[in-house]
Each structure stands twice: as C-alpha cells, then as structure tokens.
Amino acid sequence: MPPILELKGITKRFPGVLANDHIDIKLEKGEILALLGENGAGKTTLMNILYGLYKPDEGEIFINGAKVEISSPIDAIRSGIGMVHQHFMLIPVFTVTENVMLGEEYTRPGGFLDRNKAADRIRELSETYKLNVNPDDLVENLPVGLQQRVEIIKLLFRNADILIMDEPTAVLTPQEVDELFNILKKLVEKGKSIIFITHKLREVMECADRIEVIRSGKVVGATTPAEASPEKLATMMVGREVDLITDKKPGDLRETVLTVDKLCVRDFHSHVVVDDVTFELHGGEILGIAGVQGNGQTELVRALTGLKTPFSGKIIISEKDVSRSSPRRITELGSAHIPEDRQKDGLILASSIAENLVLNTYFHRPFSNGIILERLAIDENANELVRKFDIRTPGIKTLVHSLSGGNQQKVIIAREFSRPIKLLIASQPTRGLDVGSIEYIHSRIIEKRDEGCAVLLVSTELDEIMQLSDRIAVMFRGKIITIVKANAVTKEELGLIMAGVTPTINKKKIENTQAREIIT
Amino acid sequence: METPMQNEKIKIILNYLSNYRQHIPGVFFILVALFIKLVLTKSIEPEALTTFSTNINHTAIQIPNWVFNTRFALDLIAGLCAGLGLYQIIRGFKKGISSIIGAIGGLVVLGFLVWGASGTSISFTGMLAVMVIRSVPITIGALAGILSERAGIVNIAIEGMMIAGAFAGAVIGSILGLWAGILAAILIGALLGLVHAVLSIKYKVDQIISGTMINIFSTGLTSYLFIKFLQDSQNQWLNESGFFKPYAIPLLSKIPVIGPIFFDHNLFIYAMYFLVILLSIALFKTKWGLRHRSVGEHPKAADTLGVNVFRTRYLACVLSGMVAGFGGAYFSLGSVGRFEQTMTAGRGFIALAAMIFGNWNPLGALQAGMLFGFAESLTTKLSLLQFPIPAEVLLMLPYIITMVVLAGVVGRSRGPAADGIPYEKESL
Ligand SMILES: Nc1ncnc2c1ncn2[C@@H]1O[C@H](COP(=O)(O)OP(=O)(O)OP(=O)(O)O)[C@@H](O)[C@H]1O
Ligand SMILES: [Mg+2]
C-alpha cells in the first residue's frame, strides 16, 4: 500500500533564503511522525506548502499514491489535510461552534446556519476523542489548552485524515501536554495520521512513531524513538554536540535590586489578578516564578515593566519607586524585559531587524545624535548582534515579520542582552526555541546572573525553572503561595504546589504570615 | 502608634477613594438632580400645568392628553436622578451603567420638555414621529458602516456616498421617476463602494485616506454640478423629483400613539425597518454573515478555512455603498423633493458615531439613530416653543452623552478586531 502522504523534492525559496531544499518525506497511515529541526530549519514553511498557503518552487505531493495539486487551503481540506497552526487561527468573539463550522457551514434551506446540528456533531466528536469541548463556549473564554482542542475539532469536523500540528505543545502546561498526547493516541487508533512539529525532545521520545530531522531546509536524517536518545537527536538537529543540562555555580548575592511590596493588580473587569504579592530580588540571583499559565504571572510582569499600572502596592527598582513609572523610565533604570508574547509586546513585526534591535536605545548615542538616527551605527550594531546571537536571516534589513518564530525570539534576546542591565525580567524566554538556542540562552541568563544582574524568570516550563533558579516562587490564583530554595524541592512537589495543593511543611509559615497581616 | 481602629478607618477611606470611578457618575447624577430641582423648578409657578398631547389627526381611537402639574413632574424627575445617583454611589450599577447614563440623559431632556411646555402643550406623538423620520439617514448610514466594518474595511466615505446618492436620486428621479431615482442612488453608491474597495483592498491605500478622498470628491462634484447646471432656471426640471408620499400601514397605523409614531411614513422609513431586520438576520443567522464577520475579525483564520477574504471584502464594500447611496436618496426623494448643496450636512459622520454607539449591531444602530433623530426633533420643537435656551445648545446634549459613553468612562464598545487592517495573503 502506498503511504498516505508523500512529499517529493519540495523546494521553496524566499528572497535570500532557501527555506526548503528538495525535501522528501513519507507519512504512513496511522503513525505519528515527528518533524524536528532547529529554528528556521524550514518546518513551518514545509507544512504551509502542504496546506496550500505557500506555493512550492519545485516538488510534488502524493496522497495515497495519487499526485495532487494543492494551491489553496480549500484544496488541502478537500484532500483530507488539516493543520493546527503555530499561532492559533481562532476567532475569539465567536463560539466554538461558529469557529468550527466556518467555511464548512451546516445550513438549512435559504443559507440559514444550523447551529444545533453543528453543535451536535461537535459534541459527538468531542465524545469520541475525549476532547471535552463545549460547543457553546466563547473561544476567548477558553484556556489555551482547550483552544487547541477546538483547533483539532476543526480538522476532525472536516474529516481530515492527515493532521499537521505545528508546535502544538509550545503554549501548553505539562498536564495539558499529557492530555494532548492521549488525544493524539486516540486519533491514531481511529486511523488518522499525524505530523507533529516540536522542539522538545522529551515529547518526541514519548509520542512519535518515527522522527525526521530537518536542518537548513534539508532532511538530514530519520530515526525512531527506540534507536534515538535526546542527546543524539539534539546533535542531529543542531549539527554539533549540545549540553542539555546547563551547569551552574552557586551565585553570590549582592544588594537588593527589586523590591515588590504588597502589589495588587486588577484586570480590565476589576478582578484582582495579582493579589498582595511581596518579594525581594537581589543582584546575582535568579528567582524563578513557577505556576500554571494564567495565575497572574502575566499581569505581575506587566506591572513590573510599567505596561500596566498596579492597583496598589509598591515596586522599587534600585531604590527608586517605579510603581507608576513609564516603561521607558524603567528600562532606563537598567531593567530588561523579554515579553511573553513576542509578536505583540516584543517586536515591531513590520520593521527591520536592525530597527528592532535598537527599539529601547535608539534615542541614545551612538544610535542618534539628538534628532537624527545614525543609520551606520544602527546597522553596525545589527550586524554584530546577528552574528553574536546567531539570528538566521538573509540580512539585517529583513523585516522581522518574515523570520521564523525562534529567530524572532533571538532578536529580542539580542536587544535586551546587549545593553548594560541590572535587572532582567524574562517571561517564557525560550518558548518555541530549539535545543541549541535554549542552551545558548540559558547560559547567557546564568552569565548575566554571575555578572551581578538580578533575574526574574517566569516560566511554565518546570524543567527550565528547576535548572536555572536559585529560589523558586510559586504563583497560584494571583498569590505567591510560597518561595523556596531551588535545591529544597523536587519537581513533583513543585507540580503539586502549582496545582494549588499547599504542602504541609509550608502551611504553618503561610498561616503565620496571614495572621501577621491581619494584625498590622 | 497606629491602632487597629485607625487602620480600619484609613482602609475605609482608601477603599472609598479607590472606588472613585464608581462615584464620579453617581455624583454627576446628583448634580443633575440638583440642577433640575434648584434651577428649573425655580421659574415655575406652583400651579402651572404642562400638557403633552398624544393625538395626531387620523387615529381612530383617541386617547386623552396627558396633563400634569409642572412642578410635581420636575420634582419627580429630580428625585429619580438623585435616587439613581445615590444607588450608584452606594452599590454601583456595574455593567448596566451605560444604560443608566442614557436614562439620566433621557430624564434631563424630559425635564427640559416639561419645563419648556409649562403653561402650554406639546405634541408628544408628533415629536416622536419626527424623531423616527430624522433617524432614517443616520440609521441607514450606520447600517452601511456596519456592512463594511464587519468585514474589516473602515468606511468613512458614507457621507460622500450619501450626498452622491441624494444627487443621483434627485436628477434621475426628475427625469425617469422616483423609483428610477432610487435605483440610480443605489448604483452610484455601489460604484463609490467599489472605488473604495479597489483602493483599499487591491492597492492597500490607507482606508481613512481613501474614504476621505471619496468624501471630498463627492461633495465637490455634486456642488459643482449643482451650481453649474441645476441652478440655471432652464434646468429646473432636472431638479424637481418630488418625494415619496407617506403611506399609513393599515391596522398598525391605527394603534394609538404607536401608530402615528412608527407606521405612518414614507418608503424610506419602512425600508429602514426592513434593512435593520434583514441585516440582523443576515449577519448573525446565515452562512454569509458568519463568513462576513470572520473576515472582519481574523481574516487569516478565515482564509485558512477556505473563505475568500478578498471577495468577501469587495462585496462588503459594494453592499455598504449601495445602502449608503439609498440612505442618501432619503434627503432628496424622501424628504425635500429636490437636491440642495451639502444637504447631508454631516449625517454620514453622525451615522458612524451611531454605528459605534450601537456596537456594530443593526439593532443598536437603530437605537442610536433614534437618539440622534430625537435630538433633531427636539431642536425643531423647542425653537417652536420659543424656548429661552438656544436650541443649538440643547442639541448638543445627546452628542455629549454619546461622547461621554464613547470615551469609555464606562465599558468600551468593541469593534471588529481586524477593522481597517489590509489583508496580505502570504502566498509567494
Ligand atoms: N514569508 C516569508 N518571507 C521570507 N522568508 C521567510 C518567510 N517565511 C519563512 N521565511 C524564512 O524561511 C526560513 C524557514 O522558516 P520556517 O518558519 O519554516 O522555520 P521553522 O523551522 O518553522 O522555525 P521555528 O522552529 O523557529 O518556527 C527562515 O529562514 C525564515 O526566515
Ligand atoms: Mg515554525
């Protein structure tokens, strides 16, 4: 029997980049194929070609042995291909039903939507694959994990047999990842075939049947989880040996850099999202903030970086009260920010790399002389940083918009690390990065710490928190439940605290602090 | 030393201050109440009466006029305002606050009416009937805006499309008859909509600039043609279209009060009702509407599901133009019976405000249109009453309320997410 999907000699050139170079890939019916590759290797491009979003320059696509032309998403859908995109393609103000049936509507005579029939079908699919999706919910009210399942339902609704998932786990919590894997197994059991893109080797080892590795647009090897090890995969991907565990010497504490005192932040609906948070951060230490996404970390960081005015409480950076300061003043005090949503808060997508690299320094020498920008200095700076931080791009004038997800992240890191800083606030700094880049960024963060910089690391990735942090704070429902020394807890204990189960050892302490608060 | 008691007090004060957002509207309501009580009531004799007459000629069933004591009514209104204000300060209306602000606005206007008509009588029904008439161009204009903006194209060219529609309607209406005039207005609107579409979708011209260009072009061209040709006495026959006569809907128009207000008008008013219902259903109940809205919210998502973003947006622009052109015809064919220079007088822009105020919903647009229509009707009425306050000043009131609400003192209305953003297909 021919493979359900076969790509032959797919080639795609962008101006200055050979994104796909004669790629041959086969997908057998009922298997999970993991596509591995460093940032900018060309994985998303390949999948976009398969889904009809890009037109390949060369190459052919076969489905069940028959050649097909895919020149638009409609063709892809007709050929039974469905895709969950790296950035979700959901309409927040629509219900699940509306999102799912868009483009493939159930109608009654006269073009009227038959929402009930569609909702029934969604319930049925949700039941079959244990997705637990309620068709009447508004998508904007759903957590990311559920939104992803809505994306999956979108594919099933269209009877897709080949499911493409581009970095589906990047935004999920560990529990959600496990649930996703169960769903994938169910899908495969029912005869679906899956292409799965990820940077996380553990996930590949856990759920793939086969692994193909892409580097610089070429397939450089194929293997299976049984034959491979994470180290071997990392080497295949990056083309050199990678240390998966970053070494770290104990740091030496310096003066306090950041003090947060009884900070409360309210959201747009005046719900308290950061609730009475107090902590201190010293130079030379990394404080990890662990917690399931959506427990107030985002708002905490927004308050600390001046993007949101706190409701009450104090934020002091280097002995200056910045509770109500502008982001500019805060960055000028030597604070750097790696934002959680790089496309929204970190970059100007429609500007060049060179311009993005001076977004918070352009008004200083040598990049400007008061009024006029010094293009030469800006370009020189860009050239240097692109080299130093290994940003894969045809040139410094390339718009950030056309960089791969991981390389966009590197632009931010390069910008923030290339100026003198005392405080680094890093939110999900390695989201979407390949192992090579993660290694690099981790070692840079530790280097900053060793230089005496205070680092606040917010991550939903427990491994990252455990590896880098000196102390770990756990946020739950807007409160910091506990702050512990990194070597005093295990991953399992942390996982429990994150889920809201207060460990017995800490219970006394917390009660005490609460009691004190009531008295004072 | 701070004692717990002091601390408690400080907390209460802090809490109070922290809720100032809640209190500002409350204090404002009470000030309004005081104004009515202290300023308006002062000049009224204790026994003065106000009459609101409710009948216009041909309703079969006549119901008695409302006659009441002016002072008592004013006190009642002031009391209501004060009560709402107190409740807002103590408990807060939370989400319903925008409608409460609207209600306060309504009460103030009512207060002025009661006060102004003290000792005489006001035709209440007549005033509301005029409100409905005046709301037509604004509501229809807002519907035109909804059509394009729901698909992600900002259309500030409604004013220009309306004036072009008014002109085409008058001229073609004079030559070939009223119905042909309407058709011409719709066609010219469609044409301008197409121009807007090509500029902003194909050439990705900034949509505000493209819209402004159409506005300037239409206003200029119609004025030029009017002065150059229509003013010539030999050409008068080109500008005497006449207008659609009112038609009282059997049965419905016989309902007391409601009948004359809503069901005794000409074609344009009924068309407005029809369009509001049609668009509400089309946008929210049909396949077309789902796709239309998806393109305005997240065109890329729609594209990945096989919705043709460009075609949807082109169609949206053209439909928007057709509706706007039809709305423009109201001025010549539905009201004056001829074309006059700049006769739309900014209604196209007010329509955009009504669209936002109505939260991009057809029904909301109708309500907002009625509000502005009421304002206009009020001015007419008050100038007849020889009201001591300049009508222009009072006319500002609903606009001020609109601005306050729009400025987001409370709740923000949310437009389509991709409104005004050109869509770039990435395929290379
Ligand atoms: N629209 C585009 N225009 C120009 N260049 C592009 C475009 N899209 C991608 N590229 C380039 O093609 C290369 C491959 O990008 P692609 O997004 O496929 O990488 P990826 O393997 O998905 O990486 P990541 O893991 O970081 O998402 C990159 O060098 C990128 O800069
Ligand atoms: Mg990618």
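Residues take numbers from 1 onward in each chain, read along the sequence in its written order. The order in which chains are written sets their letters, starting at A; the order in which ligands are written sets their numbers, starting at 1. At least 70 in pLDDT is required for a residue's local features to be given in this predicted model, at least 80 for side-chain atom pairs to be given and counted, and no such filter applies to totals for whole chains, interfaces and linings, which use all residues. The side-chain numbers reported here are obtained from all heavy atoms of the structure, hydrogens and water having been left aside.

Trainee: Explain the overall build of chain B to me, please; I cannot follow it from the model alone.
Mentor: When helices and strands are counted, chain B shows 16 helices and five strands. Burial classes: relative accessible area under 20% of the type maximum marks a residue as buried, over 50% as exposed, and values in between as partly exposed (1.4 Å probe, protein chains only). In chain B, buried positions account for 51% of the 428 residues. Throughout, the Shrake-Rupley method with a 1.4 Å probe supplies accessible areas, and for residues the shown protein chains are the sole cover considered. Put simply, chain B shows about 19900 Å² of open surface, and 70% of that area lies on carbon and sulfur atoms. Helix and strand definitions here come from DSSP, where helices need a minimum of 4 consecutive H or I residues and strands a minimum of 2 consecutive E residues; each element is numbered from the N-terminal end.

Trainee: Please explain the interface of chain A and chain B as it appears in this structure.
Mentor: Contact between two residues is taken to exist if any of their heavy atoms lie within 4.5 Å; hydrogens are not considered. Facing 35 residues of chain A, the contacting portion of chain B comprises 26 residues. Between chain A and chain B the total buried area reaches about 2600 Å² when both faces are included, carbon and sulfur atoms providing 63% of it. The closest approach of N and O atoms between Glu98 of chain A and Arg293 of chain B, which form a salt bridge, is 3.7 Å. Throughout this description, a polar contact denotes any pair of N or O atoms lying within 3.5 Å of each other; where both atoms belong to protein, one of them has to be capable of donating a hydrogen while the other can accept it, and for residues adjacent in sequence the pair is counted only when both atoms sit in side chains. Linking chain A with chain B are six residue pairs in polar contact (both at pLDDT 80 or more). Grouping the amino acids of the side of chain A that touches chain B by side-chain chemistry returns 19 nonpolar, seven polar and nine charged. Accessible area that two parts lose when put together, with a 1.4 Å probe and added across both, is what the buried area reports. One speaks of a salt bridge when a side-chain nitrogen belonging to Lys or Arg is within 4 Å of a carboxyl oxygen belonging to Asp or Glu. When residue character is reported, Ala, Val, Leu, Ile, Met, Phe, Trp, Tyr, Cys and Pro are called nonpolar, Asp, Glu, Lys and Arg charged, and the others, Gly included, polar.

Trainee: What exactly am I supposed to notice about the environment of His337 of chain A here?
Mentor: Residues and elements named next belong to chain A. Considering the arrangement of structural elements, one finds His337 in strand S18 (residues 335-338). Expressed as a C-alpha distance, the spacing of His337 and Ile412, which sit 75 residues apart in the sequence, is 8.8 Å. If we ignore the near neighbours within four places in the chain, the residues touching His337 are Val301, Thr305, Leu307, Ile412, Glu416 and Ile425.

Trainee: Would you explain the packing of helix H4 (residues 115-128) of chain A against helix H5 (residues 144-157) of chain A in this entry?
Mentor: The relative placement of two packed helices comes down to the angle between their axes together with the axis-to-axis distance. Residue and element names in this part refer to chain A. Axis definition: a line fitted to C-alpha atoms, limited for helices to the stretch in contact. Angles are taken between N-to-C directions and run from 0 to 180 degrees. For the pair H4 and H5, the least separation of the axes is 10 Å and the interaxial angle reads 110°. One finds that H4 runs roughly perpendicular with respect to H5. Of the residues in H5, those in contact with Ala118, Arg121, Ile122, Leu125 and Ser126 of H4 are Ile153, Leu156 and Phe157. Classifying every residue of the contact of H4 with H5 by side-chain character gives six nonpolar, one polar and one charged. Note on terminology: angles under 35 degrees are roughly parallel, angles over 145 are roughly antiparallel, angles of 65 to 115 are roughly perpendicular, and the others are oblique.

Trainee: How should the site of ligand 1 be read in this particular structure?
Mentor: Here a residue is near a molecule or strand as soon as one of its heavy atoms is found within 4 Å of it. As a structural note, the neighbourhood of ligand 1 is formed by 21 residues, with Gly40, Thr44, Thr45, His199 and Gly406 of chain A the closest of them. Lying at an intersection of chains, ligand 1 is approached by residues of chains A and B. Here an oxygen atom of ligand 1 and a side-chain polar atom of Thr44 of chain A are 2.5 Å apart. For ligand 1, an oxygen atom lies 2.5 Å from a polar atom in the side chain of Thr45 of chain A. Computed on the free molecule, ligand 1 has an accessible area of 640 Å², of which 91% lies beneath the protein chains in the complex. With three residues, the single largest contributor to the shell around ligand 1 is helix H1 (residues 43-50) of chain A. In terms of residue class, the shell around ligand 1 is made up of six nonpolar, eleven polar and four charged.

Trainee: Please clarify how the domain arrangement of chain B should be interpreted in this entry.
Mentor: A common way to express how large an interface is: the accessible area buried when the components associate. By convention here, the domain bounds are inherited from an automatic or database domain assignment. Taken domain by domain, chain B holds domain 1 (15-123) and domain 2 (131-409). Computed from C-alpha atoms alone, the centre-to-centre distance between domain 1 of chain B and domain 2 of chain B is 32 Å.

Trainee: For this particular structure, what's the right way to read the confidence of the model for chain B?
Mentor: Any region with low pLDDT has predicted coordinates that should not be read closely. Per-chain confidence: chain B averages 86 in pLDDT, with 87% of residues scoring 70 or above. Taken together, the chains of this predicted complex give a pTM of 0.81 and an interface ipTM of 0.82. Known as pLDDT, the predictor's confidence for each residue is given on a scale from 0 to 100.

Trainee: Would you explain the pattern of salt bridges in this entry?
Mentor: Side-chain pairs of opposite charge can arise where the charged atoms are in close proximity. The final tally for this structure, using the stated rule, is 37 salt bridges over all chains. Note that Arg347 of chain B and Glu376 of chain B form a salt bridge whose closest N and O atoms lie 3.0 Å from each other. Pair noted here: Arg347 of chain B is in helix H14 (residues 347-357) and Glu376 of chain B is in helix H15 (residues 362-384), with a separation of 29 residues, a long-range link. In terms of burial, Arg347 of chain B and Glu376 of chain B fall into one category: buried. Among the ionic contacts, a cluster of salt bridges with common partners joins Arg13, Asp57 and Glu58 of chain A.

Trainee: What am I meant to see in the sheet that holds strand S2 (residues 66-69) of chain B here?
Mentor: Pairing between sheet strands relies on hydrogen bonds along the backbone, with the strands arranged either parallel or antiparallel. Residues and elements named next belong to chain B. Two strands qualify as a pair provided that DSSP identifies no fewer than 2 bridges between them. Strand order in this open sheet of three strands is S2-S1-S3, and the pairing throughout is mixed. The open sheet has two edge strands with one neighbour each: S2 and strand S3 (121-123). Each neighbouring strand pair of the sheet contributes to a mean axis angle of 20°, computed without reference to strand direction. Looking at chain direction, strand S1 (residues 49-53) and S2 are connected through four bridges and run antiparallel. What sits directly across from Phe52, in S2, is Trp66. Running over the sheet, helix H3 (residues 70-90) touches S1 and S2 and is turned about 80° from S2. Strands in contact with helix H5 (residues 124-149) are S1, S2 and S3; relative to S3, the strand with the most contacts, it is inclined by about 35°.

Trainee: Sorry if this is basic, but what is going on with the packing of H5 of chain B against H14 of chain B here?
Mentor: Residues and elements named next belong to chain B. Where H5 contacts H14, the axes come no closer than 7 Å and their chain directions differ by 65°. Taken as a pair, H5 and H14 cross one another with a handedness that is right-handed. Counting all contacts with H5, which are made through Pro137, Ile138, Gly141, Ala142, Gly145, Ile146 and Glu149, the residues of H14 involved are Arg347, Ile350, Ala351, Ala354 and Met355. Tallied by class, the residues present in the contact of H5 with H14 amount to eight nonpolar, two polar and two charged. In this scheme, a crossing is called left-handed if the near helix is turned counterclockwise away from the far one by less than a right angle; it is called right-handed if the turn is clockwise.

Trainee: Just checking my understanding: could you explain the nonpolar core for this structure?
Mentor: Soluble, globular proteins show a tendency: their nonpolar side chains are buried together. Put simply, a nonpolar core is a bunch of buried Ala, Val, Leu, Ile, Met, Phe, Trp, Tyr and Cys residues held in one set by side-chain atoms that sit within 4.5 Å of each other. Ranked by internal contacts, the top residues of the largest apolar core, which has 95 residues, are Ile36, Ile104, Val132, Leu143, Phe268, Met272 and Phe339 of chain B. Among the elements that line this core, the one with the most residues is H5 of chain B, at 13 residues. When residues are assigned to domains, this core turns out to be shared by domain 1 (15-123) and domain 2 (131-409) of chain B, each giving three or more. In contact with Met272 of chain B, other than residues within four places in its own chain, are Val132, Ser135, Val136, Thr139, Ile140, Leu366 and Met370 of chain B. Counting 48 residues, the second-largest nonpolar core is a separate cluster that includes Val100, Leu125, Leu180 and Leu184 of chain A.

Trainee: Whenever I open this one, the sheet that holds strand S6 (residues 81-84) of chain A confuses me. Can you help?
Mentor: All names here are of chain A. On the basis of which strands lie adjacent, the open sheet formed by six strands has the order S6-S9-S10-S3-S11-S12 and mixed pairing. One side of each edge strand has no neighbouring strand; the edge strands of this open sheet are S6 and strand S12 (218-223). Averaged over all pairs of adjacent strands, the angle between their axes in this sheet comes to 20°, without regard to strand direction. Strand direction decides the pairing type here: strand S3 (residues 32-37) and strand S11 (residues 210-215), joined by five bridges, are parallel. Within S11, the residue paired with Leu33 across the bridge is Arg210. Packing against the sheet, H5 makes contact with S6 and strand S9 (162-166), and its axis sits at approximately 170° to S6.

Trainee: Sorry, what's going on with the pairing of strand S15 (residues 286-290) of chain A here?
Mentor: Across a regular strand the side chains alternate sides, sitting on one face of the sheet and then on the other. Residues and elements named next belong to chain A. Counting buried positions along S15 gives five out of five residues, so the element sits mostly inside the fold. Alternating residues of S15 divide into Ile286, Gly288 and Ala290 and Leu287 and Ile289, and every residue in both groups is buried. Judged from the four bridges that link them, S15 and strand S20 (residues 454-458) form a sheet pairing that is parallel. Within S20, the residue paired with Leu287 across the bridge is Leu456. Bridge count between S15 and strand S21 (residues 471-476): four bridges; the pairing is parallel.

Trainee: Help me understand the packing of aromatic side chains in this model?
Mentor: The geometry of an aromatic ring pair is captured by the separation of the ring centres together with the interplanar angle, meaning the angle of the planes. Stacked, edge-to-face and tilted labels apply to pairs of Phe, Tyr and Trp rings (six-membered ring for Trp) whose centres lie within 6.5 Å, assigned for plane angles under 30 degrees, over 60, and everything in between, in that order. Going through the model one piece at a time under the given rule, you end up with 22 aromatic pairs over all chains. Taking 5.8 Å as the distance between ring centres and 90° as the angle between the ring planes, the aromatic pair formed by Phe389 of chain A and Tyr440 of chain A counts as edge-to-face. Linking Phe389 of chain A in the loop between helix H13 (375-388) and helix H14 (405-417) with Tyr440 of chain A in helix H15 (residues 435-450), this pair joins segments that are 51 residues apart in sequence. Judged by centre distance (6.3 Å) and plane angle (65°), the ring pair of Phe263 of chain B and Tyr273 of chain B falls under edge-to-face. Of the two residues, Phe263 of chain B sits in the loop between helix H9 (258-262) and strand S5 (264-265) while Tyr273 of chain B sits in helix H10 (residues 267-285), which places them ten residues apart along the sequence. When sorted by exposure, Phe263 of chain B lands in the same class as Tyr273 of chain B, which is buried. Through pairs of rings, three or more aromatic residues link up here, namely Trp179, Phe244, Phe268, Phe326, Tyr330 and Phe331 of chain B.

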